[in-house]
Amino acid sequence: VELSCIIKSTVTPDPRIEWKKIRDGETSYVFFGNKMQGDFVTRAEILSRTSLVIKNTTRMDTATYRCEVAAPSDTKTIDEINIQLTVQ
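Described below are features of the structure shown in this document. (Residues numbered from 1 in each chain as written. Predicted model: local features only at pLDDT ≥ 70, side-chain atom pairs only at ≥ 80, totals over all residues. Heavy atoms only, no water.)

1. Here's the deal with the environment of I22
Defined as follows: Strands here are runs of E lasting at least two residues and helices are runs of H or I lasting at least four, both read from the DSSP assignment and numbered beginning at the N terminus. Throughout, a residue-residue contact means that at least one pair of heavy atoms, one from each residue, lies within 4.5 Å.
Position of I22 among the secondary structure elements: in strand β2 (residues 16-23). A C-alpha to C-alpha distance of 10.0 Å links I22 and D61, two positions 39 residues apart in sequence. Apart from the residues within four sequence positions on either side, I22 is in contact with T27, A63, T64 and R66.

2. Quick notes on the pattern of salt bridges
Oppositely charged side chains are able to pair whenever their charged atoms sit close together. In plain terms, the rule: We define a salt bridge as a contact between a side-chain nitrogen of Lys or Arg and a carboxyl oxygen of Asp or Glu at a distance within 4 Å. Exposure categories follow from relative accessible area, calculated using a 1.4 Å probe and restricted to protein chains: below 20% of the type maximum is buried, above 50% is exposed, and the middle band is partly exposed.
A complete count under the given rule lists nine salt bridges for this structure. Note that E68 and K20 form a salt bridge whose closest N and O atoms lie 3.2 Å from each other. In this pair, E68 is assigned in strand β7 (residues 63-70) and K20 in strand β2, connecting sequence segments 48 residues apart. K20 shares its class with E68; the two are buried. In this structure, D39 and R43 form a salt bridge, with 3.2 Å as the shortest nitrogen-oxygen distance. Each of K20, R66, E68 and E80 takes part in salt bridges that share partners, so that together they form one network.

3. Examining the sheet that holds strand β8 (residues 78-85)
Where we set the bar: A pair of strands is considered paired only if DSSP assigns at least 2 bridges between the two.
Strand order in the open sheet formed by five strands is β4-β3-β2-β7-β8, and the pairing between neighbours is antiparallel. If you trace the sheet from one side to the other, it starts and ends with β4 (35-36) and β8, each paired once. Across five bridges, β2 lies against strand β3 (residues 26-32) in antiparallel orientation. Following the sheet pairing, I22 is matched in β3 by T27.

4. Thoughts on the pairing of β2
Taken across its eight residues, β2 has six buried, putting it largely inside the fold. Here β2 runs beside β7; their pairing, made up of seven bridges, is antiparallel. The residue bridging I22 from the neighbouring strand is T64, located in β7. Hairpin remark: β2 followed by β3, antiparallel, with two residues in the connecting loop; positive phi at D24, about 55 degrees.

5. A look at the side chain of K21
Under the convention used in this document: His is not counted, nor are the chain ends, whereas Lys and Arg count as positive and Asp and Glu as negative. Polar contacts, as counted here, are pairs of nitrogen or oxygen atoms within 3.5 Å of one another; within protein the pair requires one atom able to donate a hydrogen and one able to accept it, and residues that are adjacent in sequence qualify only if both atoms are side-chain atoms.
Looking at the element boundaries, K21 is found in strand β2. Buried charge without a partner: K21 forms no salt bridge, and the closest opposite charge is D61, 4.2 Å away. A polar atom in the side chain of K21 sits 2.9 Å from the backbone oxygen of M60. Apart from the residues within four sequence positions on either side, K21 is in contact with E26, T27, S28, V30, F40, M60, D61, A63, T64 and Y65.

As structure tokens, then:
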């Protein structure tokens, strides 16, 4: 599955991008510090700097995924998008 977090424009040369997984009220990192975290290390990757690709998805991957972008040089310094993923 591919989850897209599209950055339209930014003046910050290298905005910080983080992906988080929110499931049952608990938040865990998926992509933090430019590295995959936890069990995503072996089955996920970042494409085009912002899109999260998860391989071999299972029902355990059903959650809300949050992409957070921090661009300190921009007028809007932080923004986020939530994507609900349901694996049947």
